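Structural characterization, general
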Amino acid sequence: MKALTYHGAKDVRVEQVPDPVLVQDDDIIIRVTATAICGSDLHLYRGKMPALKHGDILGHEFMGVVEEAGSGVKAVKKGDRVVIPFVIACGQCFHCLLDEYSACETTNTGKGAALNQKGIKPPAALFGYTHLYGGVPGGQAEYVRVPKANVGPLKVPDALSDEQVLFLSDILPTGYQAVINAGISKGSSVAIFGAGPVGLMSAACARMLGAEQIYMIDELQYRLDFARGAYGIIPINMKEVDDPAELIMTQTNGRGVDASIDAVGFEAKGSTTETVLTNLKLEGSSGAALRQCIAATRRCGTVSVPGVYAGFIHGFLFGDAFDKGLTFKMGQTHAQALMPELLEHVGNGLIQPEIIISHRMSLADAAEGYATFDKAEDDCRKVVLTP
Ligand SMILES: NC(=O)c1ccc[n+]([C@@H]2O[C@H](COP(=O)([O-])OP(=O)(O)OC[C@H]3O[C@@H](n4cnc5c(N)ncnc54)[C@H](O)[C@@H]3O)[C@@H](O)[C@H]2O)c1
Ligand SMILES: [Zn+2]
Ligand SMILES: [Zn+2]
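Residues numbered from 1 in each chain as written. Chains lettered and ligands numbered in written order. Predicted model: local features only at pLDDT ≥ 70, side-chain atom pairs only at ≥ 80, totals over all residues.

With that settled, consider the overall build of the chain. The secondary structure content of the chain amounts to 12 helices and 17 strands. Over its C-alpha atoms, taken along the principal directions, the chain stretches across nearly 60 × 45 × 45 Å. Classification of the 387 residues of the chain by burial places 53% in the buried group. For the chain, the proportion of contacts with a sequence separation of at least 24, taken over those separated by at least 6, is 71%. (Helix = DSSP H or I, 4+ residues; strand = E, 2+ residues; numbered from the N terminus. Buried ≥ 20, exposed ≤ 12 C-beta atoms within 10 Å, placed from the backbone. Contact = placed C-beta atoms within 7 Å.)

A few words now on helix 12 (residues 366-374). Buried residues of helix 12: Ala366, Gly369, Tyr370 and Phe373, and no others. Burial along helix 12 is one-sided: seen end-on, the buried residues are contained in an arc of 100°. Of the surrounding secondary structure, the elements contacted by the buried residues of helix 12 are strand 1 (2-6), strand 2 (12-16), helix 1 (39-45), strand 16 (359-362) and strand 17 (383-386). Ala376 lies just past helix 12 and shows a positive phi near 50°. (Arc of directions from axis to C-beta.)

Two numbers describe how helix 7 (residues 244-251) lies on helix 9 (residues 288-296): the axes approach to 8 Å, and their chain directions differ by 15°. Considering their axes alone, helix 7 and helix 9 lie roughly parallel with respect to each other. The way helix 7 lies across helix 9 gives a crossing that is right-handed. Packed against helix 7, whose contacting residues are Pro244, Ala245 and Ile248, the element helix 9 presents Gln292, Ala295 and Ala296 at the interface. (Axes fitted to C-alpha atoms, helices over the stretch in contact; angles between N-to-C directions. Parallel < 35°, antiparallel > 145°, perpendicular 65-115°, else oblique. Left-handed = near helix turned anticlockwise from the far one by under 90°.)

With that out of the way, let us pick up the site of ligand 1. For ligand 1, the set of nearby residues contains 34 residues, the closest of which are Gly39, Ser40, Gly194, Gly196 and Gly265. Per element, the largest residue contribution to the shell around ligand 1 is 4 residues, and it comes from helix 1. The residue makeup of the shell around ligand 1, split by class, is 17 nonpolar, 12 polar and 5 charged. Structurally, the shell around ligand 1 is a two-domain feature, drawing no fewer than three residues from each of domain 1 (2-170 + 333-386) and domain 2 (171-330). (Near = placed C-beta within 6 Å. Nonpolar A, V, L, I, M, F, W, Y, C, P; charged D, E, K, R; others polar. Domains from an automatic or database assignment.)

A few words now on the UniProt feature "domain: Alcohol dehydrogenase-like N-terminal" (unreviewed entry) in the chain. Look at the UniProt record and you will see "domain: Alcohol dehydrogenase-like N-terminal" (unreviewed entry) annotated at residues 25-154. The annotated region residues 25-154 carries 8% helix and 24% strand content, and the separation between its end C-alpha atoms amounts to 18 Å. (UniProt positions renumbered as here; feature names shortened; annotations may be inferred.)

Below, the discussion takes up the domain arrangement of the chain. For the chain, the assigned domains read domain 1 (2-170 + 333-386) and domain 2 (171-330). Computed over C-alpha atoms only, the centres of domain 1 and domain 2 are separated by 25 Å. Between domain 1 and domain 2, the residue contacts involve 26 residues of the former and 22 residues of the latter. Looking at the side of domain 1 that touches domain 2, the elements with two or more residues in it are helix 1 and helix 11 (335-347).

Moving on: the pairing of strand 1. Of all 5 residues that make up strand 1, 4 are buried, and the element is covered over most of its length. Bridge count for strand 1 against strand 2 is 5 bridges, and the pairing is antiparallel. Counterpart to Tyr6 in the pairing with strand 2 is Val12. Hairpin connection, strand 1 to strand 2: the antiparallel pair is bridged by 5 residues, and Gly8 has positive phi, about 130°. (Pairing = 2+ DSSP bridges.)

The UniProt feature table records "domain: Alcohol dehydrogenase-like C-terminal" (unreviewed entry) at residues 197-282. For residues 197-282, helix accounts for 45% and strand for 19%, while the C-alpha atoms at its two ends are 29 Å apart.

One non-glycine residue with positive phi stands out, namely Asp99, at about 65°. Positive phi is not limited to glycine here, since Thr130 has a value of about 75°. One can find Thr130 in the loop between strand 7 (125-126) and strand 8 (143-146).

Note that strand 3 (residues 28-36) and strand 17 share 2 bridges and pair antiparallel. Paired with Thr35 across the strands is Leu385, a residue of strand 17. Sheet topology places strand 16 next to strand 17; 4 bridges connect them, and they run parallel. Looking at strand 17, one finds that Met361 is bridged to Leu385. Note on the crossover from strand 16 through helix 12 to strand 17: the handedness is right-handed. (Right-handed = clockwise from strand over helix to strand, strands pointing away.)

This paragraph deals with helix 7. Listed in full, the buried residues belonging to helix 7 are Pro244, Ala245 and Ile248. Seen end-on, helix 7 carries its buried residues on one side only, within an arc spanning 100°. For helix 7, the secondary structure elements touched by its buried residues are strand 10 (189-193), strand 11 (213-218), strand 12 (234-237), strand 13 (257-262) and helix 9. Looking at the residues trailing helix 7, positive phi occurs at Asn253, about 55°.

Turning next to the environment of Arg46. Secondary-structure assignment places Arg46 in the loop between helix 1 and strand 4 (61-69). Residue Arg46 is classed as partly exposed on the basis of its 14 C-beta neighbours within 10 Å. Linking Arg46 and Ala9, residues 37 residues apart in sequence, is a C-alpha distance of 5.0 Å.

Further remarks concern the sheet that holds strand 14 (residues 297-305). Strand order in the open sheet formed by 6 strands is 12-11-10-13-14-15, with parallel pairing between adjacent strands. Across the chains shown, the open sheet's two edge strands, defined by having one partner strand only, are strand 12 and strand 15 (327-330). Averaged over neighbouring strand pairs, the angle between their axes works out to 20° when direction is ignored.

What follows is the structure, given as structure tokens:
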């Protein structure tokens, strides 16, 4: 089959690789009908995540049709159309029973990314996301082996197109978890840092839950313009406004927003020093977006962090967070817990995730898709690939 494989920073290729086969009796093989490139894939593409090997197949947002099912698979059968969560979870361990699927203790053969582990079990395996997360072949391919098929795959109705349901695999539940973690409800005010796909899904979900004021901060004007049209956000372009948090304070009676969402992560721009130190690996992550979140949030408010972080940040200002009595919530998304409810919302038209798609390409052109998304060229918001 053909698959998108990693060969080093900015070097991904669509190559001929062996077809996947069933390994465990609760595996399925799916024929991929649609797959997307995630901002998390960009961290890999830029060579910022360790533990990738030559030839690893990337991709964790995908869906398709069940081609083969192991003897222990009861939840789906050959011919079913399914969307697959990016998190691989057993459904039976301590954390899975608490609906904390991305903390599943049994699926990851890697060691996770935490530095000070003290023997803790790693979090769940992820598709196509380095050997720290199990080295599981990803879904930017013609076929994928899906482990734990009784827990993850969600059957989707024929009435909904691939584009309508594809983002249930990751960014839609991620945006939803971000706003739930932020405590958004009717009348809330929120500042969303980052107008990439995760920020856009957060804006969509914040609107769905009745947020009143949604500030959105980015340096890419075309993404802010789209979000203003689609979700009525108040745009702040960080290229024009030096300190977005300060502007937000002046517009919220000097108090700040109820919650901030960091949909940027460890490659946040805005501090040249931190960007250089992060590139030299003297700093784990850039704290530029997190500091803005802390500064923009009102006392006793919440900072919700779907953006991915790694290692240490020297300029974290934990004292400011304490002084303001902030709550922090973060982490990989417990996708399985949120997908059924979100599928209903997509089905009844409450949310239309597909409107963010800007590029539709063939899997064969996936390398070009990565380059376009990475450089934010051609007003790229989200790339969907079809094998
Ligand atoms: N928690 C999860 O389970 C989960 C799931 C999916 C993605 N993610 C993470 O979410 C983050 C965003 O993903 P995406 O797909 O939207 O990626 P993306 O790279 O397309 O979007 C990031 C956006 O942030 C903007 N940006 C950069 N620095 C900024 C700053 N200081 N302030 C405000 N905006 C800034 C960029 O211009 C870009 O538009 C990534 O870190 C990704 O790994 C996490
Ligand atoms: Zn992702
Ligand atoms: Zn588990």
